[in-house]
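Structure at a glance
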Amino acid sequence: MKRIIQLLLLSGGLICFLSGCSDQKTKLSLHAALTELKDLEGLVREAPLDSINSVRDRLLEVKKDLVWLGSDSNVVFVRSDALVIEELSKANRYLKDSPIRFAGIFQEIERCKTQVSGLVDVIESGAELDALGDSIDDIYIKRNVEIELEAVLKLEGVVTETLRLARLGLETNFSSREAIDSLLEVKRGQWARGVAKIVEEI
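Residues numbered from 1 in each chain as written. Predicted model: local features only at pLDDT ≥ 70, side-chain atom pairs only at ≥ 80, totals over all residues. Heavy atoms only, no water.

**Quick notes on the overall build of the chain**
- In terms of regular secondary structure, the chain is built from six helices and zero strands.
- What you see in the chain, going N to C, is helices and strands ordered as α-α-α-α-α-α.
- With 202 residues in all, the chain has 36% of them scored as buried.
- As presented, the chain carries roughly 12200 Å² of accessible surface, and 57% of it is formed by carbon and sulfur atoms. (Helix = DSSP H or I, 4+ residues; strand = E, 2+ residues; numbered from the N terminus. Buried < 20%, exposed > 50% of the residue type's maximum accessible area, 1.4 Å probe, protein only. Areas by Shrake-Rupley, 256 points an atom, 1.4 Å probe, with all protein chains shown as cover.)

**Quick notes on the packing of aromatic side chains**
- One pass over the structure, following the stated rule, counts one aromatic pair.
- Between the aromatic rings of Trp68 and Trp191, the centroid separation amounts to 5.4 Å while the plane-to-plane angle is 55°, which identifies the pairing as tilted. Note that Trp68 is positioned in helix α3 (residues 49–70) and Trp191 in helix α6 (residues 138–201), a separation of 123 residues in sequence.
- Lying across the ring of Phe77, Lys187 places its NZ or CZ 4.9 Å from the centre. (Phe/Tyr/Trp six-rings, centres within 6.5 Å; stacked < 30°, edge-to-face > 60°. Lys NZ or Arg CZ within 6 Å of the ring centre and 35° of its normal.)

**What to know about helix α5 (residues 98–125)**
- Over its 28 residues, α5 runs 40 Å from end to end, which matches the ideal 40 Å to within 8%, given 1.5 Å per residue.
- Those residues of α5 that sit buried are Ser98, Phe102, Ile105, Phe106, Ile109, Cys112, Val116, Leu119, Val120, Val122 and Ile123. (Expected span 1.5 Å × (residues − 1).)

**Focus on the environment of Leu163**
- Mapped onto the secondary structure, Leu163 falls in helix α6.
- As a C-alpha pair, Leu163 and Val44 span 119 residues in sequence and 7.6 Å in three-dimensional space.
- Not counting residues up to four positions away in its chain, the partners in contact with Leu163 are Leu43, Ala47 and Phe102. (Contact = heavy atoms within 4.5 Å.)

**Focus: the pattern of salt bridges**
- Here the structure, examined in full by the defined rule, presents 14 salt bridges.
- In this structure, Asp57 engages Arg56 in a salt bridge whose closest nitrogen and oxygen atoms are separated by 3.1 Å.
- The partner of Glu171 in a salt bridge is Arg167, and the shortest N-O contact between them spans 3.4 Å. Note that Glu171 and Arg167 are positioned in helix α6 at a spacing of four residues, about one turn of the helix.
- On the basis of relative accessibility, which here comes to 42%, the residue Glu171 falls in the partly exposed class.
- One salt-bridge network, held together by shared partners, links Glu41, Arg45, Glu110 and Lys113. (Salt bridge = Lys/Arg side-chain N within 4 Å of Asp/Glu carboxyl O.)

**Things to note about the layout of surface pockets**
- Approximately 180 Å³ is the volume attributed to the second largest pocket.
- Forming the walls of the second largest pocket are Thr114, Gln115, Gly118, Leu119, Val122, Asp130, Tyr140, Arg143, Asn144 and Glu148.
- Mapped by element, the contributors of at least two residues to the lining of the second largest pocket are α5 and α6.
- Top element by residues in the lining of the second largest pocket is α5. It accounts for five residues.
- Residues that form the lining of the second largest pocket fall into these classes: three nonpolar, four polar and three charged. (1 Å grid on protein atoms, 1.4 Å probe; cavity = no way out; pocket = protein on both sides within 12 Å on 5 of 7 lines; lining within 4 Å. Points joined across faces, edges and corners; volume = space filled by probe spheres on them. Nonpolar A, V, L, I, M, F, W, Y, C, P; charged D, E, K, R; others polar.)

**Thoughts on helix α4 (residues 79–95)**
- Under the 1.5 Å per step criterion, the end-to-end length of α4 is 25 Å for 17 residues, consistent within 8% with the ideal 24 Å.
- Among the residues of α4, Asp81, Val84, Leu88, Ala91, Asn92 and Leu95 are the ones counted as buried. One side of α4 carries all its buried residues, which in axial view fall inside an arc of 105°. Exposed residues pointing more than 90 degrees away from the buried face of α4 are listed as Arg79, Leu83 and Arg93.
- Residues of α4 that are buried in the fold lie against α3, α5 and α6. (Arc of directions from axis to C-beta.)

**Thoughts on the nonpolar core**
- Within the largest apolar cluster, 40 residues are counted, with the highest numbers of intra-cluster contacts made by Leu30, Leu59, Ile141 and Leu155.
- Elements with a minimum of two residues in this core: α2 (23–46), α3, α4, α5 and α6.
- Top contributing element to this core by residue count: α6, with twelve residues.
- Not counting residues within four places of it along the chain, the set of residues in contact with Leu155 comprises Leu37, Leu40, Ile105, Glu108 and Ile109. (Core = buried A, V, L, I, M, F, W, Y, C linked by side-chain atoms within 4.5 Å.)

Written as structure tokens, this is what we have:
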């Protein structure tokens, strides 16, 4: 409920800027944005990043091994293997961009916090020039507040999607790991027997 209220404040803040609003309402929306950023950061930090990265790395290695084994004429894949490989590919798709996604989220959270806090300081101090020496007026504040509130709302969507993909990746890995490991073991066995047969014929 708390996050819903914050998002309503953010959305309401954007609408407010289109029609004009007081400094107090603007600051209220900016503080709601800061609270939302703190909550988003907490959600992301609660994610099992070590497990996500570990599973991702293992799946990539399994995929490489199966591709390599598949290039050997002694290794034969049958129709039933396709279902297992499909689950492997699905889990890989869910997790392959995880490191980049999470790193990007942390960077954007820090950027947004800096920008939003800076706008609050500008409004409260009544500053007339920004760090670049540009004049600060109502248009300047309206434009930058709107940009940052939209960025926070967009970030909320990115966090939600990233956590969803991570969850699906871990769930898919959990449900199919035994079958994937079994498939890899069988194909390695086929490859080893093929190599042994070639050695015997030499």
